[in-house]
Amino acid sequence: MLKSINLSLSVLCNARCVYCPKDRGENLARQTMPISLIHKITAELTAPDCRHNIEIMQLSENGDALLNKNFIEILRILKKRLPSVKKILYTNLSLLTKAKSEIIIKEGLIDKLMCSIDSVDKDTFFLMNGLNLKRVLQNFKDFLSIRNKLDSHITVNVRILTLHNYVKAIKNSFGFIPNDVDILRVPILDEVPLIAASLERFLHPAKDKVEKSIIFAWNDREKFTGKVDSYTPNLKCPFLERNEHDLYIAPDGSCYSCCLDSKCSITFGNANTETLDSIFNGSKRAKFLEKLRARKFIEIGGACSSVICCQSLQQ
């Protein structure tokens, strides 16, 4: 049964994080999801004959949802049509202005906000993602202030992946410096305790969370593509369980394999022209899952042919 839908409202992102691929959605016909597709998806999920019980909807797969010009309207549609579904927004915060936060919180358009704050030093932060730390922190504080003032139910989860820990994990695991990193500018010390202490004073101790991000080598796939057997023959897909119950939908309607398939290259159908049920239960997806369980990663191709980059590394 389909339990979770992951919407890529946009494959665009204004950040340039060193740990993220730059080829997101390059195979797609469009970069932001139209409202017409949202209407079709919600109509199917609310139809009397719908066999699926959607529990969670992730709104920011493979990009920053706020770059969709219809972002707020889409959230309103989802709340109206799917009020019981938990909606999660993951954003880099740079575009989450005070005005947008007020609308989202007052109208209860999401249930959980997730974000990454990987440094509290402006130069290191910019080195990590090309964003302005002052703006990001102000948007973060504004969101929390409004939420607390209105006693909103929305929870906040902050993830941290420092440049120090990222480079260390990749280097220790594979023996090379990751792409897009200037090794001479990597901090000598880990900032996680400092970042956590700086942010926790703004968070609600009972319902918010600060945690370390999982580290993947998915921005270095080209170093491994097609060579999985030469590294670790016993690798398995760490997202197999999610793949059993989730659908990932790209802006052009393509239903693709998972959150680490940055190019959306492994697809099972298109939600614009097919029903979600026919895609989820279709033969193409069934064959993909069969091969995934059998660990036939090279045969699957695409992101799966470098499944070693999908394994979580220790911080």
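Every value quoted in this text rests on a predicted model; they were computed, and no experiment measured them.

The subject of this paragraph is the overall build of the protein. Broken down by element type, the protein carries 11 helices and 9 strands. Whereas a compact globule of 315 residues would reach a radius of gyration of roughly 20 Å, the protein reaches 20 Å, a difference of no more than 12%. The dimensions of the protein, computed from C-alpha atoms along their principal axes, are 55 × 50 × 35 Å. Long-range pairs, those at least 24 residues apart, make up 77% of the contacts in the protein with a sequence separation of at least 6. Roughly 14,500 Å² of accessible area belongs to the protein as shown, and the carbon and sulfur atoms make up 51% of that amount. In the protein, which carries 45 positive and 35 negative side-chain charges, the distance between the mean positions of the two groups comes to 2 Å.

This next bit is on the packing of helix H3 (residues 98-106) against helix H5 (residues 133-149). The contact between H3 and H5 brings their axes to 9 Å, and the two run at 30°. Remark: the crossing between H3 and H5 carries right-handed chirality. Of H5, the residues touching H3 (which contributes Lys 98, Ser 101, Glu 102 and Ile 105) are Asp 142, Phe 143, Ile 146 and Arg 147. Each residue belonging to the contact of H3 with H5 can be placed in one class, and the counts come to 3 nonpolar, 1 polar and 4 charged.

The next subject is unusual backbone geometry. Of note, the phi angle at Asn 62 is positive, near 65°, even though the residue is not glycine. On the secondary structure map, Asn 62 appears in the loop between strand E2 (56-58) and helix H2 (71-81). For Asn 62, a relative accessible area of 4% puts it in the buried group. The phi torsion at Arg 295 lies on the positive side, around 60°, for a residue other than glycine.

Time to look at the packing of aromatic side chains. Enumeration over the complete set of coordinates arrives at 7 aromatic pairs. A ring pair is formed by Phe 174 and Phe 176, whose centres lie 5.9 Å apart and whose planes are at 15°; its orientation type is stacked. With a centroid separation of 5.0 Å and 45° between ring planes, the pair formed by Phe 268 and Phe 288 is classed as tilted. You can see Phe 268 sitting in strand E9 (residues 267-270) and its partner Phe 288 sitting in helix H10 (residues 283-293), a full 20 residues away along the chain. Comparing Phe 268 with Phe 288 shows no difference in burial state: the two are buried. Taken together, the aromatic side chains of Phe 174, Phe 176 and Phe 224 make up a single cluster linked through ring pairs. The lysine or arginine in question, Lys 223, covers the ring of Phe 176, its NZ or CZ lying 4.8 Å from the ring centre.

Moving on: the side chain of Asp 118. By secondary structure assignment, the location of Asp 118 is in the loop between strand E4 (112-116) and helix H4 (122-129). Buried charge without a salt bridge: Asp 118, with Arg 159 as the nearest opposite-charge side chain at an N-O distance of 9.5 Å. A distance of 2.5 Å separates the side chain of Asp 118 from the side chain of Tyr 19, its partner in a polar contact. Within the structure, the side chain of Asp 118 is placed 2.8 Å from the backbone nitrogen of Leu 161, a separation counted as a polar contact.

Examined against the element boundaries, Ala 217 turns out to sit in the loop between strand E6 (209-212) and helix H8 (240-245). When the C-alpha positions of Ala 217 and Pro 178 are compared, they lie 7.9 Å apart, and in sequence the two are 39 residues distant. Once you skip the residues sitting within four places of it in the chain, Ala 217 turns out to touch Ile 170, Phe 174 and Cys 309.

Overall, the coordinates contain 13 salt bridges when judged by the stated rule. In this structure, Arg 51 and Asp 277 form a salt bridge, with 2.7 Å as the shortest nitrogen-oxygen distance. Here Arg 51, found in the loop between helix H1 (35-45) and E2, pairs with Asp 277, found in helix H9 (residues 276-280); they are 226 residues apart in sequence, far enough to count as distant. Assessed through its relative accessible area of 24%, Asp 277 is described here as partly exposed. Salt-bridge contacts for Glu 211 lead to Arg 159; the nearest nitrogen and oxygen are separated by 3.3 Å. Placement of the pair is Glu 211 in strand E6 and Arg 159 in strand E5 (residues 155-160), with a sequence separation of 52 residues. Linked through salt bridges whose partners overlap, the residues forming this network are Asp 220, Glu 222 and Lys 223.

Moving on, we come to the sheet that holds E4. Backbone hydrogen bonds hold the strands of a sheet together, and the pairing may be parallel or antiparallel. Taken in spatial order, the 9 strands line up as E6-E5-E4-E3-E2-E1-E7-E8-E9 in an open sheet, and their pairing is mixed. The two strands at the open ends of the sheet, each matched to only one other strand, are E6 and E9. The average angle at which neighbouring strand axes cross in this sheet is 25°, direction not considered. Here strand E8 (residues 254-256) runs beside E9; their pairing, made up of 3 bridges, is antiparallel. When the sheet's bridge partners are listed, Tyr 256 is paired in E9 with Thr 267.

Analysis parameters
- Residues numbered from 1 in each chain as written.
- Predicted model: local features only at pLDDT ≥ 70, side-chain atom pairs only at ≥ 80, totals over all residues.
- Heavy atoms only, no water.
- Helix = DSSP H or I, 4+ residues; strand = E, 2+ residues; numbered from the N terminus.
- Rg over C-alpha atoms; globule rule 2.2 N^0.38 Å.
- Contact = heavy atoms within 4.5 Å.
- Areas by Shrake-Rupley, 256 points an atom, 1.4 Å probe, with all protein chains shown as cover.
- Lys, Arg positive; Asp, Glu negative; His and termini not counted.
- Charge placed at Lys NZ, Arg CZ, Asp CG, Glu CD.
- Axes fitted to C-alpha atoms, helices over the stretch in contact; angles between N-to-C directions.
- Left-handed = near helix turned anticlockwise from the far one by under 90°.
- Nonpolar A, V, L, I, M, F, W, Y, C, P; charged D, E, K, R; others polar.
- Buried < 20%, exposed > 50% of the residue type's maximum accessible area, 1.4 Å probe, protein only.
- Phe/Tyr/Trp six-rings, centres within 6.5 Å; stacked < 30°, edge-to-face > 60°.
- Lys NZ or Arg CZ within 6 Å of the ring centre and 35° of its normal.
- Salt bridge = Lys/Arg side-chain N within 4 Å of Asp/Glu carboxyl O.
- Polar contact = N/O pair within 3.5 Å; in protein donor to acceptor, adjacent residues only side chain to side chain.
- Pairing = 2+ DSSP bridges.

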